[in-house]
There are 2 protein chains.
Amino acid sequence: MPDSPNDNNNHQGNNLRVRRIALDTHDQPVIITHRNSPVCRSEGFAAHARVRLAHRDHSVIATLYQLESDLLDEHEAALSEAAWNRLEVNEGDLIHISHPQPLDSLGWVRGRVFGRRFEHGDLHAIIRDIAAGRYADIHLAMLLTAMATKDLDDDELISLTEAMIDAGERLQWDRPVIADKHCVGGLPGNRTTPLVVAIVTACGIWMPKTSSRAITSPAGTADTMETLAPVDLDLAAMRRVVEREGGCVAWGGAVRLSPVDDMLIRVARVMDLDAEAQLVASVMSKKIAAGSSHLVLDLPIGPTAKVRSEEAGRHLARRLEIVAGAFDLDTRILLTDGRQPVGHGIGPALEAEDILAVLDNSSRQPLDLRSRAIALAAELLELVGAAEPGAGKQMATETLDSGRAAAKFRAICEAQGGMRQPPQAGRTHVVTATRSGSVKAIDNRRLGRIAKLAGAPAARAAGVRLHVHLDEAVEVGQPIYTIHAETAGELNYAREYSGSNGDIIVLDEIGEQC
Amino acid sequence: MPDSPNDNNNHQGNNLRVRRIALDTHDQPVIITHRNSPVCRSEGFAAHARVRLAHRDHSVIATLYQLESDLLDEHEAALSEAAWNRLEVNEGDLIHISHPQPLDSLGWVRGRVFGRRFEHGDLHAIIRDIAAGRYADIHLAMLLTAMATKDLDDDELISLTEAMIDAGERLQWDRPVIADKHCVGGLPGNRTTPLVVAIVTACGIWMPKTSSRAITSPAGTADTMETLAPVDLDLAAMRRVVEREGGCVAWGGAVRLSPVDDMLIRVARVMDLDAEAQLVASVMSKKIAAGSSHLVLDLPIGPTAKVRSEEAGRHLARRLEIVAGAFDLDTRILLTDGRQPVGHGIGPALEAEDILAVLDNSSRQPLDLRSRAIALAAELLELVGAAEPGAGKQMATETLDSGRAAAKFRAICEAQGGMRQPPQAGRTHVVTATRSGSVKAIDNRRLGRIAKLAGAPAARAAGVRLHVHLDEAVEVGQPIYTIHAETAGELNYAREYSGSNGDIIVLDEIGEQC
C-alpha cells in the first residue's frame, strides 16, 4: 500500500544512490548513510530516526543508521534486504528520502494503554499503518502488550480480525465446502495437520491448508512441513496444487493472507508473549481469508500447555466462536489432552519423521499422534457432511490404514514442488534417568525450551526425541530423551540447560504407586 | 556490570576481529558479521539474534545483522558505536561472541502483562538486566507498556525507585541541606530551573542540580542549559563546580545517576508515552541518588499540559509523596497554572534567551517566567529554613533584582566549562492571526509538536517563539507565533503541520466577551 506522492514534502534533490550489501536484519527495514550525507543534514535526520524511502511507486518507513567510514560516500545509502526488496530497487538506483507522515494511528494505541477501548475504525487504521511498514518494533511491542494486558472485548476482537483480513490477500474457491483445521499451539510434537489434510483430502473434501511458522514454540506446522516439501507457495502456486490434489500444506506468510500477523508474530516471539486477542484474530483472520467454510479447532489443555485449565480453554473457545459466528465460519472446537508432548519428536525434522511413520503404518509410529489425527479428521468429515454423525472415525481410520492417505500426502508434496527427506542432526546427546520410577509429569515448556536452545526451528534437524510418556516405568540409566543439534555450540547450550533442569520429566517411586 | 566469564559456554575460537565503521545507531548495540562467518554458523546465530559480545572484562548484548559483501571478511565484525564504546575495543581487537544467558527476569515482566504484581526482588532483577544491556528495545517497550496499562501499586513503585537508585551512581555531599527542585514537564517553555538554582545558590544554599533531556517535549532543562554552558559533567566535574559555586545545572545522564532511566526514556520517546510509575520513579530516583535532602516539585495543571486536571494532579502528588516519604526526602509539591506555555520561547535556544532576559531584568523579559521562578525559589528557601515562613518571596525577589542571581548564574556557567551564547535559527516563518479576537485557549501539545517538527530538541536553535498569551487581544494579520528551524526541510514540515492546525491558538470574537 504505497503512499501517494503528495503525502510528504517532495523536496528536490533528496536522493541517495543505493548500494547492495545484502544486509540481513530479518525483516526490519534499515538504511545506512554516511554521517555527512547532505540530504540527512538538510532534513535534520539523526541516527535512529524513522525515515520514508521511496522508489517509483514503492515506499517503506525505515530506521536510519549513520556511519563514518569510506564504505559509503556521502551520496550513497546501504539498505537492509527488507527495505531493498520492498522498494524493488537495483544497484545504483536513486531513492528519495523524506520525513514520514506523523503516525496518527499510534494515538489510538496510546489511548488503549491508558484504558480507552478501540472504536471500530481505530484498529483498521492501526493495521493499515502496520501493513504499510510505518510501525517500528517498539510500536508493535506497545500494541501487543496493551492488547495482552487489557484483553480486547468482543467488538474490538471482531474489528481486529476484520482489519487483519482487509490488510491481506483473500482466497476464493469454486467449491462451497472448504475444510480447515487448526491447533492452538503449546503442545510440542502435536503435528496432526499434515495427517488430517491427507485423510480429509483423500476422502474428496477440499482442504487448502495454510499454516504458520513457530511463534514461541520449537516448530510450527510450516516449519515441519518444509522438511518434507516446499511450503513457500504464492497464491497461484497454491491454487494449482489444490486444483490438482484437493489440498495442500502451505506457509500462510508466503500467501500473504495476513501479512500484518507475521509482523506481530516476529515481535511477539522476541517478547515470548502470546496475547489471547492476537491469537484469536491471528487464527480466525487466516481461516477466513483462506476462504474456509468449515473449521475444526484443537485446543490442548494441560498444566504446561498454552492453555492450562479447562476453564481457560472454555473461555478461549467462546472467544473463537464469537469471531467465527461474526464471519459465518462453521466451527467446532475440541478441548483435548495436553498434559504431555504428542509423538516422539519435537522440532521440525523429528516431527516430520513421526508423520511419515504414521502414514506408513510403521511399527515405530507414535500411536498417540495417530489417534489424535484420526479424531480430528473424523470431526471434520462429520462437520462437512462427508460422514454421518458417529461414522467419521471409521472413515478416517480406513483412509489411513488403506494407504490412501499416504498416497495422497506424497502426491501433495510432489505438487508443492517435490517430496524430500527430513534432514538428520549431526550431533546428539542422550539424557538418561538418574533413578528408576514411573513418569508422573512432563514439562512441555521446558522440553520445548531445550529444543529451541538446540536450534529449532531455524535449525531444521534440531530438537528433542522423547523416549518415555506419562505413567511409563523407567529404569535408572534408561534413555529418557535425546537432544539433536546441528552445531556443537547449540548442543552444548541445550545440554547445559538440560543438566540444570533435571525435573523436566518427573519420576514417582514405583513403590509409592502401589 | 560485566558477566562473570563462567556465565556462558566459553567455546574456543568464537572470536571475531573488530573493524570500526563509526556506526551510529543511537545507543543500540549492534554487530554486523559476514553471512558466512564460521563462528555464527557454528553457533547457529541468524540475523536479528541477540548475542553476547565480550572483550577482556567488558561485555554487552547486541543485535546481530549479517551482510554478504566484501565490506567485511568472514572473520571480521563491524560494531555500532554503542557496542564499541561499551566493550572499550580498539581497531583490530578480537572479541568473543556467544549465546546470552536466558533472560529470566523477562518472566516477571510477562507475568505483570498477564496481571500478576511485581514482588520486591523482581524489579531489582529486571533493572539489573536492563543496566547490563540485556533487554532489547522490544523488551523495554513491553515493560513500559505493562507499567502504563496497569499502574504500579505503592510497594511496586517504591521497589522500582529503589532498583533504579541501586543501578546507578549515588552522590554524597558534606552538607546536611541539599536543595532540589523539579517540574513534572508538559508545559512548553517552563524553564525555571536555571533561575531557581541561581537564586537559591546565591542565597548560600547548595543546589547541585541534575536535569534531564526532553522525553516527549521539545526541550528538557539539560537541552536548554546546554545552549548556555556544557552540561555533560561527570561526577568529579560536577563536584568541582558545586564546591566552587554551591550549585550547577548538569545533565543527569552524564553523571549516570540512573542510567536505566535514560534507556527507558529513549524507548518511551519513540512510543510518545509517559507512564505515571516511570515518571515518579524517574524523578524520585534521580533526586535521591543526587543526595538531595529538600525538594520542591512544580506540577503544572491544564487541559493540554501533562497533568490535565486538579484531581490527576493530586493523585500524582500523592504518589510522589509516598515515594519521598519512603526515602526521607523532605518534599513540597505545588500545583501550578498549566493552561498555556510559560515565557516566549519553546525549544532549547529560544528558552535560554528567556532565561537570560529574566536574569538581566531586561524589558523583553517574560514576566510569567520570572514570577514562577520567584515562587519556586521562595518555597525552597522556606523549606530549607533559609527564609522565615512567608519571607521567601521577598528574599528571592531581592536576590534576582540585585543582580546577584545573574552573577551567580554566570559563575556557574563558567565553572561548568564556559558560558556561551545560544545559537540563532537560520530560517523562520511567522504565523499571523487570520482574524481579530481575544486569545481564549492555547494548545500546549500541538505547539510543542510544531517545535519538535521544526527540529527541537536535537536542533538547538529550532522551536517556536510565542507572541501572544491568554486573554490578550489580537488583530487580524498580527503575528501570533514564529517557527524557527535550522533546515529548510524541517521548517517546511513544521509549517505544513501549522497550516493544517489553525486552531492551536483559539480566538474569541472580542464582541462576544462583553
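What counts, and at which threshold
- Residues numbered from 1 in each chain as written.
- Chains lettered and ligands numbered in written order.
- Predicted model: local features only at pLDDT ≥ 70, side-chain atom pairs only at ≥ 80, totals over all residues.
- Helix = DSSP H or I, 4+ residues; strand = E, 2+ residues; numbered from the N terminus.
- Rg over C-alpha atoms; globule rule 2.2 N^0.38 Å.
- Buried ≥ 20, exposed ≤ 12 C-beta atoms within 10 Å, placed from the backbone.
- Contact = placed C-beta atoms within 7 Å.
- Axes fitted to C-alpha atoms, helices over the stretch in contact; angles between N-to-C directions.
- Left-handed = near helix turned anticlockwise from the far one by under 90°.
- Nonpolar A, V, L, I, M, F, W, Y, C, P; charged D, E, K, R; others polar.
- Least-squares fit on C-alpha atoms with pLDDT ≥ 70 in both.
- Pairing = 2+ DSSP bridges.
- Domains from an automatic or database assignment.
- Parallel < 35°, antiparallel > 145°, perpendicular 65-115°, else oblique.
- Expected span 1.5 Å × (residues − 1).
- Right-handed = clockwise from strand over helix to strand, strands pointing away.
- Core = buried A, V, L, I, M, F, W, Y, C linked by C-beta atoms within 7 Å.
- pLDDT = per-residue confidence, 0-100.

1. Description of the overall build of chain A
Each helix and strand counted, chain A has 20 helices and 18 strands in total. A globule of 514 residues ought to have a C-alpha radius of gyration of about 24 Å, and chain A, at 25 Å, matches this closely. Viewed in the frame of its principal axes, chain A has a C-alpha envelope of about 80 × 50 × 50 Å. A burial count over chain A gives 59% of its 514 residues as buried. Relative to all contacts within chain A whose residues are 6 or more apart in sequence, the contacts with residues 24 or more apart total 79%.

2. A closer look at the packing of helix α11 (residues 259-271) of chain A against helix α12 (residues 276-289) of chain A
All names here are of chain A. One way to put it is that α11 packs onto α12 with a least axis distance of 11 Å and a crossing angle of 145°. As for how α11 packs across α12, the hand of that crossing is left-handed. The residues of α12 that touch α11, namely those facing D261, L264 and A268, are Q278, S282, S285 and K286. Of the residues in the contact of α11 with α12, the class split is two nonpolar, three polar and two charged.

3. Looking at the relation of the copies chain A and chain B
The operation linking the two copies of the chain is a rotation about an axis combined with a translation along the axis. Superposition of chain A onto chain B requires a rotation of 180° combined with a translation of 0.0 Å along the rotation axis, giving an RMSD of 0.1 Å. Considering both components of the superposition, the chain copies are consistent with a two-fold axis. Most of the interface of chain A is mirrored in chain B, where 98% of its interface residues again form contacts.

4. Notes on the pairing of strand β11 (residues 330-337) of chain B
Of the pairings in the sheet, the one linking strand β10 (residues 294-301) of chain B to β11(B) comprises eight bridges and is parallel in character. Across the sheet, I301(B) pairs through a bridge with D337(B), a residue of β11(B).

5. Side note on the interface of chain A and chain B
In this complex, chain A contributes 53 residues to the contact, which on the side of chain B involves 52 residues. Secondary-structure elements contributing two or more residues to the side of chain A that touches chain B are β1 (15-23), α1 (38-43), β4 (58-67), α3 (106-113), α5 (137-149), α11 and α19 (488-499) of chain A. At nine residues, the largest contribution of residues to the side of chain A that touches chain B is made by α5(A). Classifying every residue of the side of chain A that touches chain B by side-chain character gives 25 nonpolar, 17 polar and 11 charged.

6. Things to note about the sheet that holds strand β16 (residues 473-474) of chain B
Residue and element names in this part refer to chain B. Spatially, the three strands line up as an open sheet ordered β16-β14-β18, and their pairing is antiparallel. Edge positions in the sheet fall to β16 and β18 (505-508), since each of these pairs with one other strand and no more. Two elements, strand β14 (residues 437-442) and β18, share four bridges in a ladder whose sense is antiparallel. Paired with V439 across the bridge in β18 is L507.

7. Remarks on the domain arrangement of chain A
Interface size is commonly expressed as the accessible surface area that is lost when the partners come together. Segmentation of chain A into domains returns domain 1 (5-98), domain 2 (179-255 + 279-415) and domain 3 (427-513). When each unit is reduced to the centre of its C-alpha atoms, the spacing between domain 1 of chain A and domain 2 of chain A is 43 Å.

8. Thoughts on the packing of helix α3 (residues 106-113) of chain B against helix α5 (residues 137-149) of chain B
Residues and elements named next belong to chain B. Put simply, α3 and α5 touch, their axes get as near as 9 Å, and they point 40° apart. Taken together, the axis directions place α3 and α5 in an arrangement best described as oblique. Crossing of α3 against α5: the hand is left-handed. Where α3 abuts α5, its residues L106, V109, R112 and V113 lie against H139, M142, L143 and A146. Its residues assigned to classes, the contact of α3 with α5 comprises six nonpolar, one polar and one charged.

9. Some points on unusual backbone geometry
In this structure, the amide linkage connecting A456(A) to the following residue, P457(A), adopts the cis form with an omega of 5°. Notably, H48(A) is not glycine yet its phi reads approximately 80°, a positive angle. Here H48(A) is to be found in the loop between α1 and β3 (50-55). The phi angle at N361(B) is positive, at roughly 55°, despite the residue not being glycine. With respect to the element layout, N361(B) can be found in the loop between α14 (348-359) and α15 (367-383).

10. Looking at helix α17 (residues 404-415) of chain B
Residues and elements named next belong to chain B. The terminal C-alpha atoms of α17, which comprises 12 residues, lie 16 Å apart, in line with the 16 Å expected from a rise of 1.5 Å per residue. Among all positions of α17, only A405, A406, K408, F409, I412, C413 and A415 are buried. Close packing links the buried residues of α17 with α7 (193-202), α9 (235-245), β9 (247-251), α14 and α16 (392-401).

11. Description of helix α4 (residues 120-131) of chain A
Residue and element names in this part refer to chain A. Here α4 spans 18 Å end to end across 12 residues, near enough to the 16 Å set by a 1.5 Å rise per residue. Those residues of α4 that fall on the buried side of the exposure criterion are D122, L123, I126, I127, D129, I130 and A131. Buried residues in α4 make contact with α3, α5, α6 (154-166) and α11. Within two residues after α4, G133 carries a phi angle of roughly 80°, on the positive side.

12. Regarding the sheet that holds strand β13 (residues 427-432) of chain B
Residues and elements named next belong to chain B. Read across the sheet, four strands follow the order β12-β15-β17-β13 without closing on themselves; strand pairing throughout is antiparallel. The sheet is open, and its two edges are formed by β12 (345-346) and β13, each paired on a single side. In terms of strand pairing, β13 meets strand β17 (residues 479-485) through six bridges, oriented antiparallel. Its bridge partner lying in β17, V430 is registered against T482. Packing against the sheet, helix α18 (residues 444-453) makes contact with β12, β15 (463-466) and β17, and its axis sits at approximately 130° to β15.

13. Notes on the pairing of β10(B)
Residue and element names in this part refer to chain B. Of all the eight residues making up β10, eight are buried; the element is thus mostly covered by neighbouring parts of the structure. The side-chain alternation of β10 yields two buried faces, one formed by H294, V296, D298 and P300 and the other by L295, L297, L299 and I301. Alignment of strand β7 (residues 179-183) against β10, held across five bridges, turns out to be parallel. Within β10, the position partnered with D180 by the bridge is L295. In this fold, the crossover linking β10 to β11 by way of helix α13 (residues 310-326) has right-handed handedness.

14. Some words on the nonpolar core
Side chains of a nonpolar character, in soluble globular proteins, are inclined to be buried together. Grouped together as the largest cluster of nonpolar side chains are 288 residues, with contacts concentrated most on L144(A), I199(A), L144(B) and I199(B). Not counting chain neighbours up to four residues away, the residues in contact with I199(B) comprise A373(B), A377(B), A396(B), T399(B), L400(B) and A405(B). Membership of the second largest hydrophobic core comes to 63 residues, among which are A54(A), A83(A), A82(B) and L87(B).

15. Looking at the confidence of the model for chain A
Residue and element names in this part refer to chain A. On average, residues of chain A score 90 in pLDDT, and 96% of them reach the 70 mark or higher. For residues 1-12, every residue scores under 50 in pLDDT, and the model assigns this stretch 19 contacts once sequence neighbours within four places are set aside. Predicted complex, confidence summary: ipTM 0.77, pTM 0.79.

16. With respect to the environment of G448(A)
All names here are of chain A. By the element assignment, G448 lies in helix α18 (residues 444-453). In this structure G448 comes out as buried when scored by C-beta crowding, with 27 C-beta atoms within 10 Å. Sequence separation of G448 and P188 is 260 residues, and the distance between their C-alpha atoms is 6.4 Å. Filtering out sequence-adjacent residues up to four positions away, G448 remains in contact with P188, S217, P218 and I346.

17. Side note on the environment of D57(A)
All names here are of chain A. Secondary-structure assignment places D57 in the loop between β3 and β4. Exposure remark for D57: the 10 C-beta atoms within 10 Å place this residue in the exposed category. The spacing of D57 and W206 is 149 residues in sequence and 38 Å in space, taken between C-alpha atoms.

18. So, the environment of R314(B)
As for its placement among the helices and strands, R314(B) is situated in helix α13. On the basis of neighbour counts, which here come to 15 C-beta atoms within 10 Å, the residue R314(B) falls in the partly exposed class.

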